[in-house]
Amino acid sequence: MLSASSAPIGVFDSGYGGLTVLKELLQHLPQYDYLYLGDNARTPYGTRSYQTVYEFTFECVRYLFDAGCPLVILACNTASAKALRTIQQHDLPLLDASKRVLGVIRPSVEQVGLLTKTGHVGVLGTTGTVNSESYRLEINKLFPSIQVFQQACPMWVPLVENGEYQGDGADFFVKRDLALLFAQSEKIDTIILGCTHYPLLINKIRQYLPSHIQVLSQGEVVAHSLKDYLQRHTEMAKRCSQFTQRQFLTTDNPETFSQLASLFLGQSIDAQKISLG
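Conventions used here
Residues numbered from 1 in each chain as written. Predicted model: local features only at pLDDT ≥ 70, side-chain atom pairs only at ≥ 80, totals over all residues. Heavy atoms only, no water. Salt bridge = Lys/Arg side-chain N within 4 Å of Asp/Glu carboxyl O. Helix = DSSP H or I, 4+ residues; strand = E, 2+ residues; numbered from the N terminus. Buried < 20%, exposed > 50% of the residue type's maximum accessible area, 1.4 Å probe, protein only. Axes fitted to C-alpha atoms, helices over the stretch in contact; angles between N-to-C directions. Parallel < 35°, antiparallel > 145°, perpendicular 65-115°, else oblique. Left-handed = near helix turned anticlockwise from the far one by under 90°. Contact = heavy atoms within 4.5 Å. Nonpolar A, V, L, I, M, F, W, Y, C, P; charged D, E, K, R; others polar. Phe/Tyr/Trp six-rings, centres within 6.5 Å; stacked < 30°, edge-to-face > 60°. Lys NZ or Arg CZ within 6 Å of the ring centre and 35° of its normal.

**A closer look at the pattern of salt bridges**
Then step 1. If you walk through the whole model with that rule in mind, you get 10 salt bridges.
Then step 2. The partner of Glu110 in a salt bridge is Arg106, with the nearest N and O atoms 3.4 Å apart. Placement of the pair is Glu110 and Arg106 together in helix H5 (residues 105-115), with a separation of four residues, close to one helical turn.
Then step 3. On the basis of relative accessible area, Glu110 is assigned to the partly exposed category, the value being 38%.

**Concerning the packing of helix H2 (residues 50-66) against helix H4 (residues 84-95)**
Then step 1. Orientation of H2 relative to H4, taken along the N-to-C sense of each, is 40 degrees, at an axis distance of 12 Å. When the axes of H2 and H4 are compared, the pair comes out oblique. The hand of the H2/H4 crossing is right-handed. Contacts between H2 and H4 involve Tyr54, Thr57, Phe58, Val61, Arg62 and Phe65 from the former and Thr86, Ile87, Asp91, Leu92 and Leu95 from the latter.
Then step 2. Along the lines of polarity and charge, the residues of the contact of H2 with H4 split into seven nonpolar, two polar and two charged.

**Quick look at the packing of aromatic side chains**
Then step 1. Taken as a whole, this structure holds nine aromatic pairs when the rule is applied.
Then step 2. With a centroid separation of 6.4 Å and 45 degrees between ring planes, the pair formed by Tyr36 and Phe248 is classed as tilted. Of this pair, Tyr36 sits in strand S2 (residues 34-38) while Phe248 sits in strand S9 (residues 246-250), placing them 212 residues apart in sequence.
Then step 3. Taken together through their ring pairs, the aromatic side chains of Tyr16, Tyr36, Phe248, Phe257 and Phe264 make up a single cluster.
Then step 4. Against the face of Tyr50 rests Lys82, its NZ or CZ located 5.3 Å from the ring centre.

Quick look at the structure:
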């Protein structure tokens, strides 16, 4: 439980996947307080419209701001793709220009440009993230010579959230979707896992990939990026409280959330239910 004077770093996701990002944040920046919010009652975001994802995301960001967070990480690819830019450019100046909202796509893109040798990069993501073209646009903006090949993997999140990520069903869908990705280009040498659920499938993914192919998992990338951000923005680092406190909130059943969250975070938690609006 956070103290009343705490100013935690907010971590938001439409469900559980953002916990894989939080896990890395806790490992690399353990001194800070964290407030995690999963909007499980309205998940999945991936199939929803831009406007709906924006409205849901902004509502959750405002909740985290009101709870004392000076900085919020959108640990959700769909929210980062469909809502981040509008919140940063339109809403923050009106709401509180001193607060910040950061996403997961830009740090991943910056890293992939340093890794690929062939200039052929693959993106695995939800249908919503792939259709948004956010990764292709960001990569083309920073690295115009890189060719981007995307593959939607609509069954991967349900496999993870139903605890089937180590089963035979996972083998079938992972093998199939990787084959569809490489059918687009055999020169792909770097793959972005464009969904924060996918790290739980990493063993299956590597099983069906040649050893030379690099797989970029977002949690560690975002953790290093945030560490660098706080070192460069010392005024924000000072505003974020450092009492090693953690709190977990969900918009749905807290018992269910606590049980599944342990799979993603690797430790038991006690979540609380909140109501938005």
